[in-house]
Amino acid sequence: MKKLFRNMQEGRAISFIYLFVLAYTILALVWWGVLLFNQSEQITRFEIQNLVLRTDSIAHPVEYHQELTRIQTTEERRSVMFFGEGLIFLAIILLGGFFVYRAIWKQMRLSQQQQNFMMAVTHELKSPIAAAKLNLETLRKHKLDEDKRLKLLDNTIRETNRLDQLCNNILLASQMESQRYQLFREDIDFSFLLENGVKEIQSRISTHTIQAHILPDVWVNGDKFMLQILLSNLVENAVKYAPRNTRIDVSLEECSNNVLKLKVTDEGPGVPVDERERIFLKFYRIGNENTRKAKGSGLGLFLSRKIVQQHGGTIVVKDNIPAGASFEISWPVYSIQRV
């Protein structure tokens, strides 16, 4: 909490200094404009005084008025030039200031998200390692009956699977950012993959009921490993935020507009409208790392969108009626086949 408060203070200090420098620059530009206009008026008065001294306005009225008109026209041109240049400089300063401030703000936000990610990953790594270590030490030090021994072994495998998934997410995020990951496409029984995936996730998650409503015999051309990660990330994201003993639904259907739709819905608090795009950003998580209760690294939904996009689909989050969130993935019908 102290670190968060310090980061907020630093952000406010940087914003104040930046706005002060920007305001000073604008005031300096305005002062420069005032000085130029005053100088132009002094030049005009000086030229008119010289004109009066060297020209007899009564004897040569035409020449006098022509020269006076020239002096006044010149002053007007100078004023227009000063005013135009001032507006251009002001626009450049404001535009440059906007882009610079936005870049600074993005960098500060990214830095905060990376700090949150490091805090989350540290916890996510230590928890399964500590649990697996404790289980193994218990098996080594105590002679347990077969049921307890198998229970500890199953728990250890679940924790190592959790650790393996986290490592996969981190590696895949890095590869996708650098565009080094190439899909291994093949024809996949998507219905079978989803049904088995739901059963596997349910076997290691006892806090929620996961129900599958899968359209049978649907095949897709895609990366089997990536689609498994997609399902796992979406379901486990629902598990993190939905209350215990609630239901999570996974459905696959073909819509009337020739679109294949995969839905993962939960009965949690839902996603605020203004957060529905940001939750797919890398490292982004709703709330603060020091106060939120749900675990996670901020990579699951980022990877989910990347995987969907690589397979030619789109992913959106909507409200689940009566409560919760619904993640909906749509694929065009040309990417699937029925048998």
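For clarity, every value in this text was computed on a predicted model and none was experimentally measured.

J.: I would appreciate a short explanation of the environment of L29 in the present structure.
T.: Mapping L29 onto the fold places it in helix α1 (residues 2-54). Once the C-alpha coordinates of L29 and F89 are considered, the two residues, 60 residues apart in sequence, prove to be 8.0 Å apart. When sequence neighbours within four positions are dropped, the list of residues in contact with L29 reads G86, F89, L90 and I93.

J.: Whenever I open this one, the packing of helix α4 (residues 190-204) against helix α5 (residues 224-241) confuses me. Can you help?
T.: Two quantities define a packed helix pair, namely the angle between the helix axes and the distance between the axes. Between α4 and α5, the shortest axis-to-axis distance is 10 Å and the interhelical angle comes to 45 degrees. One element, α4, and the other, α5, form an angle in the oblique class. For the crossing formed where α4 meets α5, the hand is right-handed. Residues F190, L193, L194, G197, V198, I201 and R204 of α4 pack against K224, L227, Q228, L231, S232, V235 and E236 of α5.

J.: Which parts of the structure should I look at to understand the environment of A325?
T.: For A325, the location among the structural elements is in strand β7 (residues 325-332). Look at A325 and you get buried, because its relative accessible area is 3%. Considered as a pair, A325 and G270 are 55 residues apart in the sequence and their alpha carbons are 4.4 Å apart.

J.: In this structure, what is going on with a nonpolar patch on the surface? I would like to understand it.
T.: Side chains of F16, I17, F20, V21 and Y24 sit close together on the surface and give an oily, nonpolar patch of about 600 Å² of accessible area. When you line up the elements, V21 lands in helix α1.

J.: Is there a simple way to explain the sheet that holds strand β6 (residues 314-319) in this structure?
T.: In sheet architecture, strand pairing relies on hydrogen bonds along the backbone and comes in two forms, parallel and antiparallel. Taken in spatial order, the five strands line up as β2-β4-β5-β7-β6 in an open sheet, and their pairing is mixed. Edge strands, defined here as strands with exactly one partner in the open sheet, are β2 (209-214) and β6. Here the average twist between neighbouring strands, direction ignored, is 15 degrees. Of the pairings in the sheet, the one linking strand β5 (residues 259-265) to β7 comprises seven bridges and is antiparallel in character. Residue pairing for β7: T265 is matched across the bridge by S326. Along the sheet, α4 makes contact with β2, β4 (247-254), β5 and β7, crossing β2 at roughly 170 degrees. With respect to the sheet, α5 is in contact with β2, β4, β5, β6 and β7, its orientation differing from that of β7 by roughly 160 degrees.

J.: It is not clear to me how α4 should be interpreted in this structure. Could you clarify?
T.: Side chains three or four residues apart in an α-helix point the same way, a direct result of the helix having 3.6 residues per turn. In this model, α4 (15 residues) spans 22 Å end to end at C-alpha, consistent with the 21 Å of a helix rising 1.5 Å per residue. For α4, the set of buried residues is F190, S191, L193, L194, G197, V198 and I201. For α4, the angular spread of buried residues about the axis comes to 160 degrees, placing them on one side. Opposite the buried face of α4, at more than 90 degrees from it, the exposed residues are K199 and S203.

J.: Hey, could you run me through α5 in this one?
T.: Helix length check: α5 (18 residues) gives 27 Å between terminal C-alpha atoms against 26 Å at 1.5 Å per residue, within 8%. Between the side-chain oxygen at the start of α5 and the backbone nitrogen of F225 there is a gap of 3.1 Å, and the oxygen is on D223.

J.: For this particular structure, what's the right way to read the packing of aromatic side chains?
T.: Between two aromatic rings, the relevant description is the distance of the centres plus the angle of the planes. As enumerated under the stated definition, the model contains five aromatic pairs in all. On the numbers, 6.1 Å between centres and 90 degrees between planes, the contact of F37 with F82 is edge-to-face. With F37 in helix α1 and F82 in helix α2 (residues 61-141), the pair connects residues that are 45 residues apart, well separated along the chain. Using a relative accessible area of 28% as the deciding quantity, one classes F37 as partly exposed. Look at F82 and you get buried, because its relative accessible area is 13%. With a centroid separation of 5.4 Å and 65 degrees between ring planes, the pair formed by F98 and F99 is classed as edge-to-face.

J.: Would you mind going over the side chain of T44 with me for this structure?
T.: Relative to the elements of secondary structure, T44 occurs in helix α1. Taking relative accessible area as the criterion, T44 reaches 5% and is therefore assigned buried. Of note is the side chain of T44, whose polar atom sits 3.2 Å from the side chain of R78. Leaving out residues up to four positions away in the same chain, T44 has contacts with I71, E75 and R78.

Conventions we followed
Residues numbered from 1 in each chain as written. Predicted model: local features only at pLDDT ≥ 70, side-chain atom pairs only at ≥ 80, totals over all residues. Heavy atoms only, no water. Helix = DSSP H or I, 4+ residues; strand = E, 2+ residues; numbered from the N terminus. Contact = heavy atoms within 4.5 Å. Axes fitted to C-alpha atoms, helices over the stretch in contact; angles between N-to-C directions. Parallel < 35°, antiparallel > 145°, perpendicular 65-115°, else oblique. Left-handed = near helix turned anticlockwise from the far one by under 90°. Buried < 20%, exposed > 50% of the residue type's maximum accessible area, 1.4 Å probe, protein only. Patch = residues over 30% accessible without salt bridge, like charges linked within 9 Å, V, L, I, M, F, W, Y side chains within 5 Å. Areas by Shrake-Rupley, 256 points an atom, 1.4 Å probe, with all protein chains shown as cover. Salt bridge = Lys/Arg side-chain N within 4 Å of Asp/Glu carboxyl O. Pairing = 2+ DSSP bridges. Expected span 1.5 Å × (residues − 1). Arc of directions from axis to C-beta. Polar contact = N/O pair within 3.5 Å; in protein donor to acceptor, adjacent residues only side chain to side chain. Phe/Tyr/Trp six-rings, centres within 6.5 Å; stacked < 30°, edge-to-face > 60°.

Remember, this is a structural readout, not a statement about activity or role.
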